Amino acid sequence: MQTALLAELLERVRATNPLVHCITNYVTACDVANALIACGGSPIMADEEADACAITRICGGLVLNIGTLGTRTAATMHAVGSIAGELHHPIVLDPVGAGASALRTETAGALVDGLPVTVVRGNMSEIRALSGAAAATRGVDANPDDAVTDENLAASASFARALAAQLGCVVAITGAIDLVADAARAVAIRNGSALMGKITGTGCMLDAIIAAYAVANPDSPLEAAVAAIAGWGIAGEVAAGRMGALDGNASFRTYLIDAAFNLTGTALAEAARIEEV
Amino acid sequence: MQTALLAELLERVRATNPLVHCITNYVTACDVANALIACGGSPIMADEEADACAITRICGGLVLNIGTLGTRTAATMHAVGSIAGELHHPIVLDPVGAGASALRTETAGALVDGLPVTVVRGNMSEIRALSGAAAATRGVDANPDDAVTDENLAASASFARALAAQLGCVVAITGAIDLVADAARAVAIRNGSALMGKITGTGCMLDAIIAAYAVANPDSPLEAAVAAIAGWGIAGEVAAGRMGALDGNASFRTYLIDAAFNLTGTALAEAARIEEV
Amino acid sequence: MQTALLAELLERVRATNPLVHCITNYVTACDVANALIACGGSPIMADEEADACAITRICGGLVLNIGTLGTRTAATMHAVGSIAGELHHPIVLDPVGAGASALRTETAGALVDGLPVTVVRGNMSEIRALSGAAAATRGVDANPDDAVTDENLAASASFARALAAQLGCVVAITGAIDLVADAARAVAIRNGSALMGKITGTGCMLDAIIAAYAVANPDSPLEAAVAAIAGWGIAGEVAAGRMGALDGNASFRTYLIDAAFNLTGTALAEAARIEEV
């Protein structure tokens, strides 16, 4: 995959301003909205079923994030996901905390089984839980034992490709090294900053960004996810570079979204560190 | 309308610290609270009916924002709105996404019909939907075709005045040019920055600010809305002027609320660009 | 109490990264999460009963904050609180707005009566309402008449100790002068900045920070609360010192969390202004 392609994918997002329906958690919803705008999309949130079904019809893509899962919103997610599927809208599923509670694991499993999900994104613990493997998710954070490393990269890529084949969608596993796979290919992305783990919502924001990229680039979901994740990692690098002596994670949050706002296709193509594995 | 009046209206807000009950969406609730504090008010949020009815009684004003509408909160909005009406508290209604779903259009319509609303604030697409005109709201953003421009300003002002007469309240239509009207008068406001459209919640925050101004200035709802909107636009201009090369929409959000926090009556009177139309 | 002890308590938080289950309000949830991370903890939010009970089991501590109270979440709070009690997890209760509505006062009372709460934290109006004293809470802010001052410090400390004895938990009353008491001792803390009252969520964030300190220091809940509150006050002082001419409450919010992120045990020990009263 050429990094020049990533620039094209980004520019298509900026040119088309995809409208993304986000059913996400109330913790990070505001940052999700602002990060999505920063990347060239537009957010709308609706989770009451009658409203949400109508909203999905006017949008281009859908994010389902179970970060503050409720039975009411789970039912809404199935209903709007079916509509999005009929309309061939990209669906991004984030199984937040799968493995940390039975309800989360089961809900995430039911959503990925029942809906034509385009991209599943989570940390390795969540993705392992979704795959049915035994997993010990540490709350909403990955178990350190699950980290993708240079040592287990080939095996992790095989796991991701196999799961993508099984689920029939792109699988995106984010962490220090990110992995994006479909049934045939896996791409490792080495952008980002450790500070991204020091704020809440880095993953939730990325869900919506991936959705925007997938809407704007409907024929290339794998590439769209790679571009979104590499771009977000580069934004993290720029933000980390901007940190002053008094700055902490709150300033980092601001700088991260700022950097996404200012990211150009050229900068993305130059700074992306991707390789097929 | 003299801009010196606007300074008085602002100073009355700062002097009286109005307590505003906000039933708003979970996406922007935090920014709404901080923006309201910045302008001199105090926020309280409660949306469970039994709680919300009691909270309304101790507040001075009420915001009803349907940004993440639910049937439960819609019922609460009617209940607390009736109480606020009995107490002669100003009520600000924001029909977020009216026109984008039937539930939103109908709920907004039922609220404005059933309650003694003081100010309705939305973008032109939402306000047109509320008026019963055919409208194609683009999610929660205005349809560009609906923009108030110099060319259609007189016609837009007539529409706003007529709707204000029909609804029996002040109508505030915000966009690049803002319009505030009652049955007799319409005022155009030309403050603001395009960056205000690059963050979520600019309108939601303004709802609460308008409510604070209306509480502090109960005999002048039109003027209160003009002062609140002009002040918010000026804050946007100050924030835009503060943007550095690395800043993006997240920094703008911070600068916007900061500028509202620091806005003085003198600065408002000097920078307000208002005209009756 | 020696301030050197506070440094040890802080360092134990940073070393053990306590996972805290927060059932809090949707207004400040994002800031709560980021402030908790800043101080060395990790957040997880879940409020649907089936999910929340499982999440509590994998966490080390629990925050119950009734800021946007609902009957559904009140029931969840009782259920997860019982589990946390069985597991001997610290529980921090924030009776937000007790005294402002009957539902809030009753719910807070039922929670403190029914659960083995470790620390109750609120402003004086809320704490007085919880104690059954007549109180006139001003929304979610303290009634100025209730402020702890040098003049009423001894009486306030007696009240706090007596309430702590009655409730069987640590009582933390925050304001310009903070008071933390158990049945035997009361400590006054004189750190902080008036700007902390100009943003929403200062108290909510502190709830989660206290929980992290109590998890990391399970045998010293009084000292843990003192360290958390003094540290938060010092962060407020650092943030206030960083304010520029254009900065307002939004920048202060960022600086406050930043300062918590950068707070060291040494700085805490040096800057803490505590005294037994």
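Residues numbered from 1 in each chain as written. Chains lettered and ligands numbered in written order. Predicted model: local features only at pLDDT ≥ 70, side-chain atom pairs only at ≥ 80, totals over all residues. Heavy atoms only, no water.

S.K.: Can you explain the overall build of chain A? Please cite residues and give values.
M.R.: A count of helices and strands for chain A gives eleven helices and nine strands. Rg of the C-alpha trace for chain A: 17 Å, near the compact-globule value of 19 Å for 277 residues, within the 12% margin. Within the span of chain A, comprising 277 residues, buried residues form 65% of the whole. Sequence-distant contacts, at least 24 apart, represent 72% of the contacts inside chain A between residues at least 6 apart. If you average the places of the 15 positive and of the 28 negative side-chain charges in chain A, the two averages end up 3 Å apart. (Helix = DSSP H or I, 4+ residues; strand = E, 2+ residues; numbered from the N terminus. Rg over C-alpha atoms; globule rule 2.2 N^0.38 Å. Buried < 20%, exposed > 50% of the residue type's maximum accessible area, 1.4 Å probe, protein only. Contact = heavy atoms within 4.5 Å. Lys, Arg positive; Asp, Glu negative; His and termini not counted. Charge placed at Lys NZ, Arg CZ, Asp CG, Glu CD.)

S.K.: Which residues make up the relation of the copies chain A and chain B, and what values do they have?
M.R.: Once turned by 120° and shifted 0.0 Å along the axis, chain A lies on chain B with an RMSD of 0.0 Å. This pairing of chains is accounted for by a three-fold axis. For chain A, the minimum C-alpha distance to the rotation axis belongs to Y26 of chain A and amounts to 3.4 Å. Looking at chain A, a mere 13% of its interface residues are interface residues in chain B too, so the copies touch through different faces. (Least-squares fit on C-alpha atoms with pLDDT ≥ 70 in both.)

S.K.: Got a sec to walk through the sheet that holds strand β2 (residues 42–44) of chain A? Specific residues and values, please.
M.R.: Residue and element names in this part refer to chain A. Spatially, β2-β1-β3-β4-β5-β6-β7-β8-β9 is the arrangement adopted by the nine strands of the open sheet, whose pairing is mixed. The strands lining the two open edges of the sheet, one partner per strand, are β2 and β9 (274–276). The average undirected angle you get between the axes of adjacent strands in this sheet is 20°. The pairing of strand β5 (residues 119–122) with strand β6 (residues 170–173) spans four bridges and is parallel. Its bridge partner being in β6, G122 is matched across the sheet by I173. Helix-sheet contacts for helix α8 (residues 202–216) involve β1 (19–23), β3 (61–65), β4 (91–94) and β5, and the interaxial angle to β3 is about 160°. (Pairing = 2+ DSSP bridges. Axes fitted to C-alpha atoms, helices over the stretch in contact; angles between N-to-C directions.)

S.K.: An account of the interface of chain C and chain A is needed here, citing residue identities and associated values.
M.R.: In this complex, chain C contributes 31 residues to the contact, which on the side of chain A involves 30 residues. Approximately 2,400 Å² of surface area, both sides summed, lies buried where chain C meets chain A, with 54% of it carried by carbon and sulfur atoms. Its largest share of buried area at the contact with chain A, chain C owes to E48, D51 and F261 of chain C, together 20% of the area lost on that side. Our count for the contact surface shared by chain C and chain A stands at three salt bridges. In this structure, R253 of chain A engages D31 of chain C in a salt bridge whose closest nitrogen and oxygen atoms are separated by 3.6 Å. (Buried area = accessible area lost by both parts, 1.4 Å probe. Salt bridge = Lys/Arg side-chain N within 4 Å of Asp/Glu carboxyl O.)

S.K.: Can you break down the pattern of salt bridges residue by residue, with the values?
M.R.: Residue and element names in this part refer to chain C. Under the counting rule described, the total for this entry stands at 45 salt bridges over all chains. Across the pair E48 and R72 runs a salt bridge, and its minimum N-O distance is 3.2 Å. Note that E48 is positioned in the loop between β2 (42–44) and α3 (49–58) and R72 in helix α4 (residues 71–86), a separation of 24 residues in sequence.

S.K.: Can you lay out the relation of the copies chain C and chain A for me, pointing to particular residues and giving the numbers?
M.R.: For the pair chain C and chain A, the superposition axis carries a translation of 0.0 Å, the fit reaches an RMSD of 0.0 Å, and the rotation angle comes to 120°. By residue overlap, the copies meet through two different surfaces: only 13% of the interface positions of chain C are interface positions in chain A.

S.K.: With reference to specific residues and values, describe the interface of chain A and chain B.
M.R.: Contacts between chain A and chain B engage 31 residues on the former and 30 residues on the latter. Summed over both partners, the interface of chain A with chain B comes to about 2,400 Å²; 54% of that surface belongs to carbon and sulfur atoms. Three residues stand out in chain A for area buried against chain B, namely E48, D51 and F261 of chain A, and they jointly supply 20% of the buried area on that side. D51 of chain A is the partner of R104 of chain B in a salt bridge, and the nearest nitrogen-oxygen pair spans 2.9 Å. Taken together, the connections running from chain A to chain B amount to 14 residue pairs in polar contact (both at pLDDT 80 or more). (Polar contact = N/O pair within 3.5 Å; in protein donor to acceptor, adjacent residues only side chain to side chain.)

S.K.: For the sheet that holds strand β1 (residues 19–23) of chain B, give the residues involved together with the corresponding values.
M.R.: Residues and elements named next belong to chain B. Read from one edge to the other, the open sheet built from nine strands follows the order β2-β1-β3-β4-β5-β6-β7-β8-β9, with strand pairing classed as mixed. Each having just a single partner strand, β2 (42–44) and β9 (274–276) make up the two edges of the open sheet. Put simply, the sheet's adjacent strands are angled 20° from each other on average, direction ignored. Sheet contacts for helix α4 (residues 71–86): β1, β3 (61–65) and β4 (91–94); angle to β3, the most-contacted strand, approximately 155°. Running at roughly 160° to β3, helix α8 (residues 202–216) makes contact with β1, β3, β4 and β5 (119–122) of the sheet.

S.K.: Please set out the pairing of strand β8 (residues 186–189) of chain C residue by residue, giving values where relevant.
M.R.: Along any regular strand, the residues point their side chains to alternate faces of the sheet. All names here are of chain C. Across the two faces of β8 the burial is the same, with A186 and A188 and V187 and I189 all buried. As defined by bridge partners, strand β7 (residues 178–181) adjoins β8 across four bridges and the pair is classed as antiparallel. Its bridge partner lying in β8, L179 is registered against A188. Between the end of β7 and the start of β8, which pair antiparallel, lie four residues.

S.K.: So what's going on with the environment of S156 of chain C? Residues and values would help.
M.R.: Residues and elements named next belong to chain C. With respect to the element layout, S156 can be found in helix α7 (residues 153–167). Taking the C-alpha atoms as reference points, S156 and C59, 97 residues apart in sequence, are found 34 Å from one another. Those residues in contact with S156 that lie beyond four places of it in its chain are M124, V148 and L179.

S.K.: Can you lay out the pairing of strand β8 (residues 186–189) of chain B for me, pointing to particular residues and giving the numbers?
M.R.: Direction of pairing for β8 of chain B relative to β9 of chain B: antiparallel, over a ladder of three bridges. Bridge pairing in β9 of chain B places V187 of chain B opposite E276 of chain B.

S.K.: Please set out unusual backbone geometry residue by residue, giving values where relevant.
M.R.: Residues and elements named next belong to chain C. With phi around 45°, N17 is a residue other than glycine that occupies positive phi space. Residue position: N17 is located in the loop between α1 (3–16) and β1 (19–23). Residue N17 is classed as partly exposed on the basis of its relative accessible area, which comes to 28%. The phi angle at H88 is positive, at roughly 60°, despite the residue not being glycine.

S.K.: Provide a residue-level description of α3 of chain C, including the pertinent values.
M.R.: Listed as buried for α3 of chain C are D51, A52, C53, I55 and T56 of chain C. Where α3 of chain C is buried, its residues meet α5 (102–114) of chain A together with β1, β2, β3 (61–65) and α4 of chain C.

S.K.: Residues and numbers for the environment of V13 of chain C, please.
M.R.: All names here are of chain C. Mapped onto the secondary structure, V13 falls in helix α1. Separated by 260 residues in sequence, V13 and R273 have C-alpha atoms that sit 20 Å apart. If we skip the residues at most four places from it in the chain, V13 touches P18, C39, G40, G41, A212, Y213, A216 and N217.

S.K.: Got a sec to walk through the side chain of T28 of chain B? Specific residues and values, please.
M.R.: Residues and elements named next belong to chain B. Along the chain, the position of T28 falls in the loop between β1 and α2 (29–38). Looking at T28, the relative accessible area reads 2%, which means it is buried. Discounting chain neighbours no more than four positions away, the residues touching T28 are T200, G201 and C204.

S.K.: I'd like to hear about the nonpolar core, residue by residue, with values.
M.R.: W232 of chain A, W232 of chain B together with Y213 and W232 of chain C are the most contacted members of the largest nonpolar core, which has 180 residues in total. Beyond its immediate stretch of four places on either side in the chain, W232 of chain C contacts A35, M196, T202, M205, L206, I209, L256 and A260 of chain C. (Core = buried A, V, L, I, M, F, W, Y, C linked by side-chain atoms within 4.5 Å.)

S.K.: So what's going on with the packing of helix α10 (residues 249–262) of chain A against helix α10 (residues 249–262) of chain B? Which residues, and what values?
M.R.: In the contact formed by α10 of chain A and α10 of chain B, the axes pass within 6 Å of each other and the chain directions differ by 125°. When the interaxial angle is binned, α10 of chain A and α10 of chain B end up oblique. Here R253, T254, I257, D258 and F261 of chain A of α10 of chain A come into contact with α10 of chain B, specifically with N249, A250, S251, R253 and T254 of chain B. The residue makeup of the contact of α10 of chain A with α10 of chain B, split by class, is three nonpolar, four polar and three charged. (Parallel < 35°, antiparallel > 145°, perpendicular 65-115°, else oblique. Nonpolar A, V, L, I, M, F, W, Y, C, P; charged D, E, K, R; others polar.)

Note that every value here comes from positions in space, so none of it alone points to a role or purpose.
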